[in-house]
Each structure stands twice: as C-alpha cells, then as structure tokens.
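Here is how the chains run, residue by residue.
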Amino acid sequence: GRATKVVASNETGHFRALMGQEALRYGAGGTGVSMVMTGADIPFPELKLTYGEASFDFLVPVMASEAPVDFTFVTRIVDLAISDEIWAMFDPTVALPRDPATVILDTKGKVRLTADLMDDAAMAAQGEDAPGEIHALDVTNLTIRFAGAELTGTGGGTFDNSDLVSFDGVPAPTGKFDLLIRGGNGLLDKLVTMGVVPQDQAMGARMMIAMFAKPGDGPDVLTSTLEFRDKGFYANGQRLK
C-alpha cells in the first residue's frame, strides 16, 4: 500500500525483430539512460542508476539444414554507474574504485540445426540431445571493466563434431584466444581486505591464474594465449591437456 516512484529517461532507443523461414533476429537497446527510484521500501533516499549504452542483438537459424549457417550474439552494457548509497551497502570504506562498469560480448559463428526449432514434435523427439551442432565461433570483442580492473580478449576457432571424445563430449576445437587482464591482482587484494574473498581462496585463484597467464607490459598486467590444436589445449605454448 505504499507508493514507489520511478523516473527514467533516455537519449535514444531502438528495437528490431525479424522472423523468416530461415532465421530469427531480435535486438533492442538504448543510450544515455538515467533512472531514479524512490519509495518507503527503499533503505536510502533514492536509488540511482545510469549507463551510456545497453543493448543486445542475436541472429539464430530456425530450420534444420545440411550445411552450417551464420549466427550472431552481441550484448553491451557500457559505463554503468550506481549511486554511492548502493556502493556503501557492500563497500562502506570505499576500498574499491567506483568507476563505471562495462561488459561487452560480441560473437559470431556457424551452427547447423538438426531439427526445426519451431516444430514441437521434432523438438520433443530430440529429448535431451542438442538440436544442432556448433561449427565455428569468433569472439570479436570481449571487454569487462569493473572496480579498476579490466579483462579484454579476442579469438576464435572451429569445432570437429565427429570427435566428441577428446574433450569429454564437447566437439574438438581448433583455434586461439588472446586475453589481457589489467589490475586483476589489485582487485583481488582489495576483495580479500574487504573480507569478500577468503585468503585461501585468493591464493588458489592466483595459482590458477599463474597456470594460464604470464606477466605483460606494465604493472599488474597479465596476458594469456589459449590455443586448441592437435586434440590438445595449450596456455602460452605449454600443453595442459
């Protein structure tokens, strides 16, 4: 019985949809978004959220085919910022930088459907089996920025659907991914200081990172090249599988 008030605005927005015999496409987004929420049930004067851009877009096939066809999946949240009152709930000592956060994942590839997604009988006949095969995946942009740390990456590969043994049921991949982590150890140190991450778990995480990454150009910079070839998995040239 108590009122809650929400005031929101945005500079631009878009929505698009396409459905045909061969593919389904759906996407939406906005830029320059600001939202302020007030009400008796909110434990502080107001909840404020802003972001520069948020959007998603995907294109997927819907019909079974003999040859692989294109798919895309993109999601973007750029410069997401929340009010200090929200930060104070889990970081009252301001241990973490409160820079706006960004998450971007831009992918494309090729898949082959073995059943029509819009055919209820065909989908039921699949049971627990996947209704298709992935043949290629390209990550054209992976970007995550949060609390002073940043992860970026690109890469891609192909998949051998005739080999489901080498990687325990996953089609055997061939390809390479390049990753860069900036400020990761600093963020982990802050989370330990805050008590969010126990010291033993942080040590385990550092040991895991050391297996896959090597020092980069600059302080607290790590790089990693992950490669799948010859039925094996390599990290920076060292075979791990």
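Residues numbered from 1 in each chain as written. Predicted model: local features only at pLDDT ≥ 70, side-chain atom pairs only at ≥ 80, totals over all residues. Heavy atoms only, no water.

Description of the packing of helix H3 (residues 184–194) against helix H4 (residues 199–212)
One can describe the packing of H3 onto H4 by two numbers: an axis separation of 10 Å at closest approach and a directional angle of 165 degrees. In this view, H3 runs roughly antiparallel relative to H4, as classed from their interaxial angle. Crossing of H3 against H4: the hand is right-handed. On H4, the residues that touch Asn 185, Leu 188, Asp 189 and Val 192 of H3 are Gln 199, Ala 202, Ala 205 and Arg 206. Taken together, the residues of the contact of H3 with H4 break down into 4 nonpolar, 2 polar and 2 charged. (Axes fitted to C-alpha atoms, helices over the stretch in contact; angles between N-to-C directions. Helix = DSSP H or I, 4+ residues; strand = E, 2+ residues; numbered from the N terminus. Parallel < 35°, antiparallel > 145°, perpendicular 65-115°, else oblique. Left-handed = near helix turned anticlockwise from the far one by under 90°. Contact = heavy atoms within 4.5 Å. Nonpolar A, V, L, I, M, F, W, Y, C, P; charged D, E, K, R; others polar.)

What about the side chain of Arg 112?
By the secondary structure assignment, Arg 112 is in strand S6 (residues 101–113). For Arg 112, the side chain forms a polar contact with the main-chain oxygen of Ser 65, separated by 3.1 Å. Once residues within four sequence positions are removed from consideration, Arg 112 is found in contact with Ser 65, Glu 66, Ala 67, Pro 68, Gly 132, Glu 133 and His 135. (Polar contact = N/O pair within 3.5 Å; in protein donor to acceptor, adjacent residues only side chain to side chain.)

Considering the pairing of strand S11 (residues 221–229)
Note: strand S9 (residues 172–182) against S11, 8 bridges, orientation antiparallel. Within S11, the residue paired with Asp 178 across the bridge is Thr 225. Alignment of strand S10 (residues 214–215) against S11, held across 2 bridges, turns out to be antiparallel. Residue pairing in the sheet places Lys 214 in a bridge with Thr 223 of S11. Taking the residues between adjacent antiparallel strands as the criterion, S10 and S11 are bridged by 5 residues, where Gly 218 takes a positive phi near 125 degrees. As paired strands, S11 and strand S12 (residues 232–235) are joined by 4 bridges and run antiparallel to one another. Across the sheet, Arg 229 pairs through a bridge with Gly 232, a residue of S12. Adjacent in sequence and paired antiparallel, S11 and S12 are bridged by 2 residues, among which Asp 230 carries a positive phi angle near 50 degrees. (Pairing = 2+ DSSP bridges.)

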